[in-house]
Amino acid sequence: MNDLSRRQLLVGTSAVATIAALKPVDTWAADAVRPALPIPAELRATNGIISFSATAGKVSFAPGQMTPTYGYNGAFLGPALRLRRGKSVTIDFSNNLAEATSVHWHGLIIPGDVDGGPHRPVAPGDHWRPTLSIDQPAATLWFHPHFYPTTAAQVIKGLAGLLIVEDDDTDRLALPSRWGIDDIPLIIQDRRFKTDGHFFDSMNIISVVNGYVGTEALVNGARYPEAKTARGWIRLRLLDGSNARSYLLKASDDRSLYVIGSDGGLLENPVEVKQLKMYAGERYEVLVDCRSGTPFDIVALPVGNPIMQLPPFDMPVPLVTIRPDGADGRGALPESLAKLPPIPTDLPPVSQSLVMDMFRDEAGMMPLVKAGLTMGMGGGAMAMDHSSMADMPDMSHDQMPGMSPAGPAPDVVARVTKLIEDSPELSLSEQLAANGVNGKPFAMHEVGFAARRGEMLHWKISEGSDKMLHPVHVHGCQFRIVSENGKPPEAHRAGWKDIAAISEGGVSDILVSFPQPAAADAPYMAHCHILEHEDSGMMAQFTVA
């Protein structure tokens, strides 16, 4: 940890950007003025080296206001790093911020000493030069800070970027591959702004339990932008880059989405869906048929626990317009994609159980209940004893408090908003003891367990009595989900994954192997990817040898 406050004001800016701020308008209005979807620059190795830096900046998200931000090689977010299977690349990373940070290569299968976890901080003004040897299938990954306990704050300010692995097998497929033309990255995040335009960010009991609750949806850092694309099959690389929010995505005209890839690479065959649920940290690659040239929106439907369904997320929220009015694209939807190893019929015995624990869940939920917010719906129930139940507002069998078919009542929204924004921040010691794994909060110098290198392992991921959502991320691997709550995963979740989501007291069984080593001074992490949970103790570390 450094001695700077996690919310210290920026003392200078080295980058400035402007992003148009417009309220959603009719998608097909000919006279509408819309911000163009920002497309991250591609960054490839030169002489085996990729150089980039973390930088402080300012962005105008609303007219007349500037928001202090962080970014990689710019004011907000970062470039898309292109890596090739079978190649090694040296990353020359510079930290130009006034606080320490780290860079975690989320989804890369690399040794612990170059994984970029909390044991590899980069001090202000310093460099980090890890060499990454890439040996995994083509996939859409990402990179972001992993500096304990301020990962959440640094991601809120803008530190995130895509990391794309390429390989020969995928190149041979006829997938759309022209960056920003028919291969479109969509980094979906939510933010809450203060009256002065700054990002809201507070580690109070509400956020530590429920995660970050934004009021604005951003895609690649823009509000409701428009992507003018080729006509034909369009490839969307989707990243839920939010701190905590899940998204239930669909096309506004109900056209099919064909999922071709998940966290760690291509599926065996395309999977047709009408709606696609994404949890924090997850990625999916989706093909959409745009041969008609008809524009449409990608829309987020209400989903998640009640606090995540506050306005405007109590109604469908248009995220981005896809306007395929360009030249005909060359991509197509293949019948088959990749060959995945079969899940063995006889699984090895469970070698590791991970139980996500919340020690302050009642303290973070009861104020919301007393404010009139409905609990127990949409994957956000809290286990309460009888004394807690006695404090809940009276309700009939068929009516829950504070909710209507159109969403929570305005007075409930006002009370809950005040709790989110005005609850006092926890002390650092309170924050770090709020959550845990296997009954213990994270401790930097305590390795929780060891895993044997190169063996096929059966892990069981579950949660304690809180029944909250926990998208659990495991470093150093891509795994297969064997079952979720005793049932096989949905087809689009049956490929390579690095996040397994549990909720409502659920259990996820995964089959995992660790090809690379991780020593005690640079261990791997297993943690909830709701970043406020991670930053308050819901993380364990382990070695591989």
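Residues numbered from 1 in each chain as written. Predicted model: local features only at pLDDT ≥ 70, side-chain atom pairs only at ≥ 80, totals over all residues. Heavy atoms only, no water.

(A) Empty space enclosed by the protein, seen in detail. Enumeration according to the criterion identifies four cavities of 30 Å³ or more in this entry. As a volume, the largest cavity reaches approximately 60 Å³. Every residue lining the largest cavity is listed: Phe200, Asp201, Ser202, Asn204, Ile206, Ser207, Gly211, Tyr212, Val213 and Ile420. For the lining of the largest cavity, a count of residues per class yields five nonpolar, four polar and one charged. (1 Å grid on protein atoms, 1.4 Å probe; cavity = no way out; pocket = protein on both sides within 12 Å on 5 of 7 lines; lining within 4 Å. Points joined across faces, edges and corners; volume = space filled by probe spheres on them. Nonpolar A, V, L, I, M, F, W, Y, C, P; charged D, E, K, R; others polar.)

(B) Representation of the pattern of salt bridges within the structure. Counted by the stated rule, this structure contains 34 salt bridges. The salt bridge involving Arg452 is made with Glu455; its shortest N-O contact spans 2.9 Å. Several salt bridges share partner residues, and in doing so they unite Glu42, Arg44, Arg82, Arg84, Glu166, Asp168 and Asp171 into one network. (Salt bridge = Lys/Arg side-chain N within 4 Å of Asp/Glu carboxyl O.)

(C) Representation of the sheet that holds strand β18 (residues 265-273). Taking strand neighbours across the sheet as the criterion, the six strands line up as β13-β12-β15-β20-β17-β18 in an open arrangement whose pairing is mixed. Of all the strands in the sheet, the pair left with one neighbour each is β13 (216-219) and β18. When strand polarity is set aside, the average angle formed by the axes of neighbouring strands in this sheet is 25°. One ladder, built from eight bridges, connects strand β15 (residues 232-240) with strand β20 (residues 283-290); its direction is antiparallel. Among the inter-strand pairings, Leu236 is bridged to a residue of β20, identified as Val286. (Pairing = 2+ DSSP bridges. Helix = DSSP H or I, 4+ residues; strand = E, 2+ residues; numbered from the N terminus. Axes fitted to C-alpha atoms, helices over the stretch in contact; angles between N-to-C directions.)

(D) Region of interest: the pairing of strand β34 (residues 524-528). Burial within β34 is extensive, with five of its five residues counted as buried. Side-chain alternation along β34 places Tyr524, Ala526 and Cys528 on one buried face and Met525 and His527 on a second face that is also buried. Examined bridge by bridge, strand β29 (residues 470-474) and β34 share three bridges and lie antiparallel to one another. Bridging across to β34, His473 finds its partner in His527. (Buried < 20%, exposed > 50% of the residue type's maximum accessible area, 1.4 Å probe, protein only.)

(E) Structural view of the nonpolar core. Judged by nonpolar contacts, the single largest core of 71 residues is most densely connected at Ile307, Val416, Trp459, Phe514 and Phe542. Core analysis: the next-biggest nonpolar cluster, separate from the first, contains 32 residues, Val219, Tyr284, Phe296 and Ala300 among them. (Core = buried A, V, L, I, M, F, W, Y, C linked by side-chain atoms within 4.5 Å.)

(F) Quick look at the side chain of His119. Structurally, His119 is set in the loop between β7 (104-106) and β8 (127-128). A relative accessible area of 18% places His119 in the buried class. Here Met444 takes part through its backbone oxygen, which lies 3.4 Å from a polar atom of the side chain of His119. There is a polar contact of 2.7 Å between the side chain of His119 and the side chain of Gln541. Not counting chain neighbours up to four residues away, the residues in contact with His119 comprise Met444, Asp521, Ala522, Pro523, Met525 and Gln541. (Polar contact = N/O pair within 3.5 Å; in protein donor to acceptor, adjacent residues only side chain to side chain. Contact = heavy atoms within 4.5 Å.)

(G) Spatial organisation of the pairing of strand β3 (residues 49-62). Across the 14 residues that make up β3, a large majority, eleven, are buried. Where β3 meets strand β6 (residues 88-95), five bridges bridge the pair, whose relative direction is parallel. Counted as the bridge partner of Ser53 is Ser94 from β6. Where β3 meets strand β4 (residues 65-72), seven bridges bridge the pair, whose relative direction is antiparallel. The residue of β4 that forms the bridge with Lys58 is Pro68. Linking two consecutive strands that pair antiparallel, namely β3 and β4, is a turn of two residues; a positive phi of about 80° is found at Gly64 within it.

(H) The confidence of the model for the protein, seen in detail. Residues of the protein with pLDDT of at least 70 account for 88%, and the chain-wide mean is 90. Counting interchain partners and residues more than four positions distant, the pLDDT-below-50 stretch residues 1-31 has 79 contacts. Confidence drops under a pLDDT of 50 for residues 376-404, and excluding neighbours within four residues, the segment shows 55 contacts in the predicted structure. (pLDDT = per-residue confidence, 0-100.)

(I) Representation of the environment of Leu266. With respect to the helices and strands, Leu266 occurs in strand β18. With 96 residues separating them in the primary sequence, Leu266 and Thr170 have C-alpha atoms 8.4 Å apart. Beyond its immediate sequence surroundings of up to four residues, Leu266 is in contact with Ala138, Thr170, Leu173, Leu175, Ile260, Gly261, Glu285, Leu337, Ala338 and Leu340.

(J) Broad picture of the packing of aromatic side chains. Counted by the stated rule, this structure contains 22 aromatic pairs. Between Trp459 and Phe542 the ring centres are 5.5 Å apart and the planes differ by 75°, which places this aromatic pair in the edge-to-face class. Here the residue Trp459 occupies a position in strand β28 (residues 457-463), and Phe542 occupies one in strand β35 (residues 539-544), the gap between them amounting to 83 residues. No difference in accessibility class separates Trp459 from Phe542, as the two residues are buried. Residues Tyr524 and Phe542 carry aromatic rings whose centres are separated by 5.8 Å and whose planes lie at 55° to one another, so their mutual orientation is tilted. In this pair, Tyr524 is assigned in strand β34 and Phe542 in strand β35, connecting sequence segments 18 residues apart. Take Tyr524: its relative accessible area is 0%, and that puts it in the buried class. Taken together, the ring pairs in this structure connect Phe52, Tyr72, Phe93, Trp105, Trp128 and Phe143 into an aromatic cluster. The lysine or arginine in question, Arg82, covers the ring of Trp179, its NZ or CZ lying 4.9 Å from the ring centre. When the ring centre of Trp496 is taken as reference, the NZ or CZ atom of Arg480 above it lies at 5.4 Å. (Phe/Tyr/Trp six-rings, centres within 6.5 Å; stacked < 30°, edge-to-face > 60°. Lys NZ or Arg CZ within 6 Å of the ring centre and 35° of its normal.)

(K) Representation of the sheet that holds strand β33 (residues 507-512) within the structure. The strand order β26-β23-β28-β33-β30-β31 describes an open sheet built from six strands, whose pairing is mixed. Sheet topology places β26 (435-437) and β31 (496-497) at the edges, where each strand pairs with a single neighbour.

(L) Expanded view of the side chain of Ser423. Structurally, Ser423 can be placed in the loop between α6 (410-422) and α7 (428-432). The buried category is assigned to Ser423, whose relative accessible area is 13%.

(M) Summary view of helix α4 (residues 361-370). For α4, the complete set of buried residues consists of Asp361, Gly364, Met365, Met366, Leu368 and Val369. Remark: Gly372 follows α4 within two positions and exhibits a positive phi of approximately 105°.

(N) Structural detail: α6. Taking 1.5 Å as the rise per residue, α6 with 13 residues should run 18 Å; its terminal C-alpha atoms sit 18 Å apart, in good agreement. For α6, the set of buried residues is Val412, Val413, Val416 and Ile420. The arc that holds the buried residues of α6, viewed along the axis, is 95°, so those residues lie on one side. Across from the buried face of α6, at angles greater than 90 degrees, the exposed residues are Pro410 and Lys418. Buried-residue contacts for α6 involve α3 (205-210), α4 and β25 (407-408). (Expected span 1.5 Å × (residues − 1). Arc of directions from axis to C-beta.)

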